[in-house]
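One-letter residues, chain by chain:
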Amino acid sequence: MLVRNATTFDSEAMRNVYRSAFDASESDITAELAISLLSESADEEIISLLAQRDDQVLGHVCFSPVHALEHSNWLGYLLAPLAVMATAQHAGIGSQLVRAGLAKLAEREVNMVLVYGDPDYYARFGFTALDAANCLPPYLLQYPMAWQAIVLREHSAHSAGLQIRCVPALMEPELW
Ligand SMILES: CC(C)(COP(=O)(O)OP(=O)(O)OC[C@H]1O[C@@H](n2cnc3c(N)ncnc32)[C@H](O)[C@@H]1OP(=O)(O)O)[C@@H](O)C(=O)NCCC(=O)NCCS
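Report follows, based on the coordinates. (Residues numbered from 1 in each chain as written. Predicted model: local features only at pLDDT ≥ 70, side-chain atom pairs only at ≥ 80, totals over all residues. Heavy atoms only, no water.)

Before going further, it helps to examine helix H1 (residues 11-21). Given 3.6 residues per turn, any residue in an α-helix points the same way as the ones three and four places further on. Inspection of H1 places Ser11, Met14, Arg15, Val17 and Tyr18 among the buried residues, and these make up the whole buried set. Angularly, the buried residues of H1 cover 160 degrees about the axis, an arc narrow enough to put them on a single face. At its buried positions, H1 is contacted by helix H2 (24-39), strand E2 (47-53), strand E3 (56-68) and strand E4 (71-84). (Buried < 20%, exposed > 50% of the residue type's maximum accessible area, 1.4 Å probe, protein only. Helix = DSSP H or I, 4+ residues; strand = E, 2+ residues; numbered from the N terminus. Arc of directions from axis to C-beta. Contact = heavy atoms within 4.5 Å.)

See the structure below:
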């Protein structure tokens, strides 16, 4: 399995992955999010990774930077979205993509990686709701226990509390 950076040339292949992984009510909005994150400004340092076997794209994950309003020297990343083609699930591809992204972030000056997703899935990577407890998302969440984090580098803001702001593509209320 090859894991590589996604480019705008991969948009259609990514759309296929999201259409296959999500049901119709969610697939378009999630695919559009993944594609618009590809075109967010380069200096945002977005990590967009594809899993590919032979010529077929089987999975995608994105990690985009989040900033804290009152702590300019704090840097977080949000994992979203993530999908693996339905026919390729349960083969470790999702885990490989998440771990590849976390490894890249561990090399940067990143304090925290956040995710809003099923704890039964994300706990295996070390995400916990406890680590995200002092980090306020941009909108009120329907499932607060799904808001989880991994602390990569301690920061005094983690105990003080943080109000975070995402890149523009993720500031849409319907995504939360
Ligand atoms: C979640 C997803 C990316 C996992 O991809 P994957 O390649 O199948 O993941 P892995 O093979 O690394 O891990 C699979 C394990 O995760 C578990 N898993 C998958 N989705 C899960 C979920 N929502 N909650 C809990 N466990 C989940 C499976 O039970 C599986 O365990 P098993 O192989 O022992 O049966 C994939 O199922 C998917 O695309 N789902 C639809 C889109 C989605 O929900 N994206 C995440 C949004 S937060």
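Past the structure itself, the notes keep going.
Moving on to unusual backbone geometry. Between Ala80 and Pro81 the backbone carries a cis peptide bond, its omega angle lying at -5 degrees. Topologically, Pro81 is positioned in strand E4. Positive phi, close to 50 degrees, is recorded for Asp54, a residue that is not glycine. When you line up the elements, Asp54 lands in the loop between E2 and E3.

With respect to the helices, strands and loops of the structure, His158 is situated in helix H5 (residues 157-160). Polar side-chain contacts of His158 include one of 2.9 Å to the side chain of Trp74. (Polar contact = N/O pair within 3.5 Å; in protein donor to acceptor, adjacent residues only side chain to side chain.)

This brings us to the packing of H1 against H2. With their axes 8 Å apart at the nearest point, H1 and H2 run at an angle of 150 degrees to one another. When the axis of H1 is compared with that of H2, the two are roughly antiparallel. Like other packed secondary-structure pairs, H1 and H2 cross with a definite hand, here right-handed. In contact with Ser11, Met14, Arg15, Tyr18 and Arg19 of H1, H2 contributes Ser27, Asp28, Thr30, Ala31, Glu32, Ala34, Ile35 and Leu38. (Axes fitted to C-alpha atoms, helices over the stretch in contact; angles between N-to-C directions. Parallel < 35°, antiparallel > 145°, perpendicular 65-115°, else oblique. Left-handed = near helix turned anticlockwise from the far one by under 90°.)

A few words now on H2. Helix length check: H2, at 16 residues, gives a terminal C-alpha distance of 24 Å against a target of 22 Å (1.5 Å per residue), a fit within 8%. Taken residue by residue, H2 has Ser27, Thr30, Ala31, Leu33, Ala34, Ile35, Leu37 and Leu38 as its buried positions. In this structure, the buried residues of H2 make contact with H1, E2, E3 and E4. (Expected span 1.5 Å × (residues − 1).)

The full set close to the ligand counts 18 residues, and His90, Gly92, Gly94, Ser95 and Asp118 are the nearest of them. A distance of 2.5 Å is found between an oxygen atom of the ligand and a side-chain nitrogen or oxygen belonging to Ser95. One of the side-chain N or O atoms of Asp118 is found 2.9 Å from a nitrogen atom in the ligand. Considered on its own, the ligand offers 870 Å² of accessible surface; in the complex 67% of this is hidden by protein. If you list the elements that add at least two residues to the shell around the ligand, you get E4, helix H3 (93-106) and helix H4 (119-122). Residue composition of the shell around the ligand, grouped by class: nine nonpolar, six polar and three charged. (Near = heavy atom within 4 Å. Areas by Shrake-Rupley, 256 points an atom, 1.4 Å probe, with all protein chains shown as cover. Nonpolar A, V, L, I, M, F, W, Y, C, P; charged D, E, K, R; others polar.)

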